[in-house]
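# Notes for the structure review
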Amino acid sequence: MRWLAYMASRFLLKLILALPASTCVLHRERTRLRGGWMLAANHISHFDPPFLGVACLRKMDWMTSKEFYQVPLLGAWMRAVDTFPVDRERPDRASIRTALDRLTAGRVVGMFPEGGIRDGERSVLQGAPLRPGLSALAEMGGVPVIPCVIVGSDKLYASKMWRPFRRARVWISFGEPLRCQGHGKDARAAFEAAFTQSLHELLAELTARFGLTDDDLPQSSNRRKGRV
């Protein structure tokens, strides 16, 4: 039933997102990777999980902020499609155990290692540091991590993009799988450096291939809505 709920939701979201946005995806084939692995992406809007879930060729179990589960219907749907809550404000051992259990079972876990929506200088794409959760999970799980960059989904905060014939452009690129080589602080630091470099290279590839401008790069929801 959970698989059917996920596939039905994915199909419905694909139809909905096709109305306001045109999506370009690079290296989608990398998400066919077998066994357990993690998808780790930059985070620029609330629309990111649906876009990435549709773009990925494997079923995704998202680590999702616990606040969303406080809305009964939304929480019930999210559990039905195999997301699980995480406390972003403090170390959450329960969510770590859940993630490791699912990775061991050969599933794909999706997360946003920035710890929330980030734009400008707060974004890892512009040099901001990662939170330590990703490297710790990569070390403990011993599974590959596929870096991912998404750009343009924040444009859907502008109401005009939902009008007929005003489609936004969204760009997604998946990187080569990375592993945390070894254990300890140095191994985690090396992994984080490699992961961050991969994101920068993916953004550079998107920029070169599609001619992205400063307006295409992550901006706040208020700026997209024209409030600043």
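Since the structure is predicted, the reported quantities are computational estimates derived from the model, not experimental observations.

This brings us to the environment of Ser123. Structurally, the position occupied by Ser123 is in the loop between β5 (108-111) and α5 (133-141). Once you skip the residues sitting within four places of it in the chain, Ser123 turns out to touch Glu114, Arg118 and Ala128. A distance of 3.0 Å separates a polar side-chain atom of Ser123 from the backbone nitrogen of Leu125.

In this section: helix α1 (residues 2-18). Taking 1.5 Å as the rise per residue, α1 with 17 residues should run 24 Å; its terminal C-alpha atoms sit 24 Å apart, in good agreement. Taken as a whole, α1 has its buried residues at Tyr6, Ser9 and Leu17. One side of α1 carries all its buried residues, which in axial view fall inside an arc of 70°. Across α1 from its buried face, at more than 90 degrees, point the exposed residues Leu4 and Phe11.

Turning next to the packing of aromatic side chains. Taken as a whole and assessed by the stated rule, the structure comprises four aromatic pairs. Considering the side-chain rings of Phe47 and Tyr157, the 5.5 Å spacing of their centres and the 55° angle between planes classify their relative orientation as tilted. Placement of Phe47 in the loop between β2 (37-41) and α2 (48-55) and of Tyr157 in the loop between β6 (145-151) and β7 (168-174) is noted, with a sequence separation of 110 residues between them. Seen from their ring centres, Trp62 and Phe112 are 5.1 Å apart, and the 10° between their planes marks the pair as stacked. Within this pair, whereas Trp62 is found in strand β3 (residues 60-65), its partner Phe112 is found in the loop between β5 and α5, the two being separated by 50 residues in sequence. Note on Trp62: relative accessible area 8%, which makes it buried.

Attention now goes to the side chain of Thr83. Here Thr83 lies in the loop between α3 (72-80) and β4 (84-86). At a separation of 2.8 Å, a polar atom in the side chain of Thr83 contacts the main-chain carbonyl oxygen of Met78. With near-sequence residues (within four places) excluded, Thr83 lies in contact with Trp62, Thr64, Tyr69, Met78 and Arg102.

Okay, the layout of surface pockets next. Here the largest pocket is characterised by a volume of approximately 1,300 Å³. Along its surface, the largest pocket is lined by 47 residues, and Met63, Thr64, Ser65, Val86 and Phe112 are the ones closest to its centre. Listed by contribution, the elements that provide at least two residues to the lining of the largest pocket are α1, α2, β3, α3, α4 (93-104) and α5. Considering every element that reaches the lining of the largest pocket, the biggest residue donor is α1, with six residues. Residues of the lining of the largest pocket, tallied by class, amount to 29 nonpolar, 11 polar and seven charged. Computed from the structure, the second largest pocket encloses a volume of approximately 180 Å³. Surrounding the second largest pocket, 13 residues form its lining, Lys14, Thr23, Phe51, Val54 and Ala55 being those nearest its centre.

When the charged atoms of two side chains lie near each other, side chains of opposite charge can form a pair. Applying the stated criterion to the full structure yields 13 salt bridges. Residue Arg188 pairs with Glu139 through a salt bridge whose shortest N-O separation is 2.7 Å. Separated by 49 residues along the polypeptide, Arg188 in helix α6 (residues 185-210) and Glu139 in helix α5 bring together distant segments of the chain. Using a relative accessible area of 14% as the deciding quantity, one classes Glu139 as buried. Here the salt bridges share partners, and the residues they tie into one network are Arg2, Lys59, Asp61, Asp82, Arg102 and Arg107.

The residue Gly226 is located in the segment after α7 (221-224) in this model. The spatial distance from the C-alpha of Gly226 to the C-alpha of Cys24 is 25 Å, given a sequence separation of 202 residues.

The next subject is the packing of α5 against α6. α6 packs onto α5 with a crossing angle of 115° between their chain directions and a minimal axis gap of 9 Å. In the packing of α5 onto α6, the handedness of the crossing is right-handed. For the pair α5 and α6, contact is made by Leu134, Ser135, Ala136, Ala138 and Glu139 and by Arg188, Phe191, Glu192 and Phe195, respectively. Class assignment for the residues of the contact of α5 with α6 results in five nonpolar, one polar and three charged.

What counts, and where the lines are drawn
- Residues numbered from 1 in each chain as written.
- Predicted model: local features only at pLDDT ≥ 70, side-chain atom pairs only at ≥ 80, totals over all residues.
- Heavy atoms only, no water.
- Helix = DSSP H or I, 4+ residues; strand = E, 2+ residues; numbered from the N terminus.
- Contact = heavy atoms within 4.5 Å.
- Polar contact = N/O pair within 3.5 Å; in protein donor to acceptor, adjacent residues only side chain to side chain.
- Expected span 1.5 Å × (residues − 1).
- Buried < 20%, exposed > 50% of the residue type's maximum accessible area, 1.4 Å probe, protein only.
- Arc of directions from axis to C-beta.
- Phe/Tyr/Trp six-rings, centres within 6.5 Å; stacked < 30°, edge-to-face > 60°.
- 1 Å grid on protein atoms, 1.4 Å probe; cavity = no way out; pocket = protein on both sides within 12 Å on 5 of 7 lines; lining within 4 Å.
- Points joined across faces, edges and corners; volume = space filled by probe spheres on them.
- Nonpolar A, V, L, I, M, F, W, Y, C, P; charged D, E, K, R; others polar.
- Salt bridge = Lys/Arg side-chain N within 4 Å of Asp/Glu carboxyl O.
- Axes fitted to C-alpha atoms, helices over the stretch in contact; angles between N-to-C directions.
- Left-handed = near helix turned anticlockwise from the far one by under 90°.

Just distances and angles here, no functional claims.
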